[in-house]
Amino acid sequence: MAVKLDAFGRSEIGHVRGRNEDSFALRLSVGDAALFAVADGMGGHPGGDVASALATSVIHAWSGPERGERPIESLSRLHTAAKQRVDERSQEEPRLREMGTTLTIAMVSQSLCYVSHIGDSRLYWLRGNRIARVTRDHTLAQEMVENGRLNREDADSHPMAN
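Everything quoted here is computed from the prediction, not taken from an experiment.

Draft legend 1. Highlighting the overall build of the protein chain. Within the protein chain, the regular secondary structure consists of four helices and six strands. Listed by position from the N terminus, the elements making up the protein chain come as β-β-α-α-β-β-β-β-α-α. Computed over C-alpha atoms, the radius of gyration of the protein chain comes to 17 Å, within 12% of the 15 Å expected from 2.2 N^0.38 for 162 residues, which places it in the range of a compact globule. Along the longest, intermediate and shortest principal axes, the C-alpha atoms of the protein chain span 45 × 45 × 30 Å. The contacts of the protein chain with a sequence gap of at least 6 include a subset with a gap of at least 24, amounting to 48%. Just so you have it, the protein chain exposes about 10,400 Å², and 50% of that area is on carbon and sulfur atoms. Considering the protein chain, the positive charge centre built from 20 side chains and the negative charge centre built from 22 side chains are found 4 Å apart.

As structure tokens, then:
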């Protein structure tokens, strides 16, 4: 069965912050896989834009899975490499010590989609006119919803929703 993928990336600064901390990577042909990633620097900390750009640079540089490596292993390796790249830079520049980023990666290989995710940059699956949220936010507000302490309707506007 052939899989048709359409990919595009767009980022807007929004109405809250003075600079954009979003980065993304679209790799449509890396061996037999396609790779997509989005990163959003942690607001309120210096260097969020740097952190997200460093994380997605790992995706841009990826040369494909190692011999015999399963997709989930590739995703784990990519996430680890992205974290290492951000950590190394934060050690080199003291003003960036607290920088961080979300990172959501989707790999499509052999008609399957594998996802690796940390933070609150959401992944949605769009098929025809149907859209479904795939990832779970790693936020205090989401945890409160899951524990029954906050209504889902109030979660997006909660101060701990990011």
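Draft legend 2. Broad picture of the pairing of strand E3 (residues 103-109). In terms of burial, E3 is largely enclosed, as seven of its seven residues are buried. Side chains Leu 103, Ile 105, Met 107 and Ser 109 project from E3 onto one buried face, and the interleaved Thr 104, Ala 106 and Val 108 project onto a second face that is buried too. Pairing analysis gives six bridges linking strand E2 (residues 33-40) to E3, with the strands arranged antiparallel. Its bridge partner being in E3, Ala 33 is matched across the sheet by Ser 109. Sheet analysis places E3 next to strand E4 (residues 112-118), joined by seven bridges and oriented antiparallel. When the sheet's bridge partners are listed, Met 107 is paired in E4 with Tyr 114. In this structure, the hairpin formed by E3 and E4 is closed by a connection of two residues, where Gln 110 is found at a positive phi of approximately 50°.

Draft legend 3. Just the nonpolar core, in detail. Membership of the largest hydrophobic core comes to 16 residues, with the highest contact counts inside it found for Leu 35, Ile 59, Leu 78, Leu 103 and Ile 105. Broken down by secondary-structure element, the contributors of at least two residues to this core are strand E1 (22-30), E2, helix H1 (48-61), helix H2 (71-92) and E3. Examining the composition of this core, we find that four residues originate from one element, E2, more than from any other. Every residue in contact with Leu 103, bar those within four places of it in the chain, is listed here: Ala 37, Val 38, Ala 39, Ala 55, His 79, Ala 82, Ser 116, His 117 and Ile 118. Core analysis: the second largest hydrophobic core is formed by six residues, Ala 51, Leu 54, Leu 96 and Met 99 among them.

Draft legend 4. Expanded view of the packing of H1 against H2. Interhelical geometry of H1 versus H2 gives an angle of 140° and a closest axis separation of 8 Å. When the axes of H1 and H2 are compared, the pair comes out oblique. Viewed along their axes, H1 and H2 form a crossing whose handedness is right-handed. Counted together, Val 50, Ala 51, Leu 54, Ala 55, Ser 57, Val 58 and Ile 59 of H1 and Leu 78, Ala 81, Ala 82, Arg 85, Val 86 and Arg 89 of H2 form the full contact between these two elements. The class makeup of the residues in the contact of H1 with H2 is 10 nonpolar, one polar and two charged.

Calculation criteria
- Residues numbered from 1 in each chain as written.
- Predicted model: local features only at pLDDT ≥ 70, side-chain atom pairs only at ≥ 80, totals over all residues.
- Heavy atoms only, no water.
- Helix = DSSP H or I, 4+ residues; strand = E, 2+ residues; numbered from the N terminus.
- Rg over C-alpha atoms; globule rule 2.2 N^0.38 Å.
- Contact = heavy atoms within 4.5 Å.
- Areas by Shrake-Rupley, 256 points an atom, 1.4 Å probe, with all protein chains shown as cover.
- Lys, Arg positive; Asp, Glu negative; His and termini not counted.
- Charge placed at Lys NZ, Arg CZ, Asp CG, Glu CD.
- Buried < 20%, exposed > 50% of the residue type's maximum accessible area, 1.4 Å probe, protein only.
- Pairing = 2+ DSSP bridges.
- Core = buried A, V, L, I, M, F, W, Y, C linked by side-chain atoms within 4.5 Å.
- Axes fitted to C-alpha atoms, helices over the stretch in contact; angles between N-to-C directions.
- Parallel < 35°, antiparallel > 145°, perpendicular 65-115°, else oblique.
- Left-handed = near helix turned anticlockwise from the far one by under 90°.
- Nonpolar A, V, L, I, M, F, W, Y, C, P; charged D, E, K, R; others polar.

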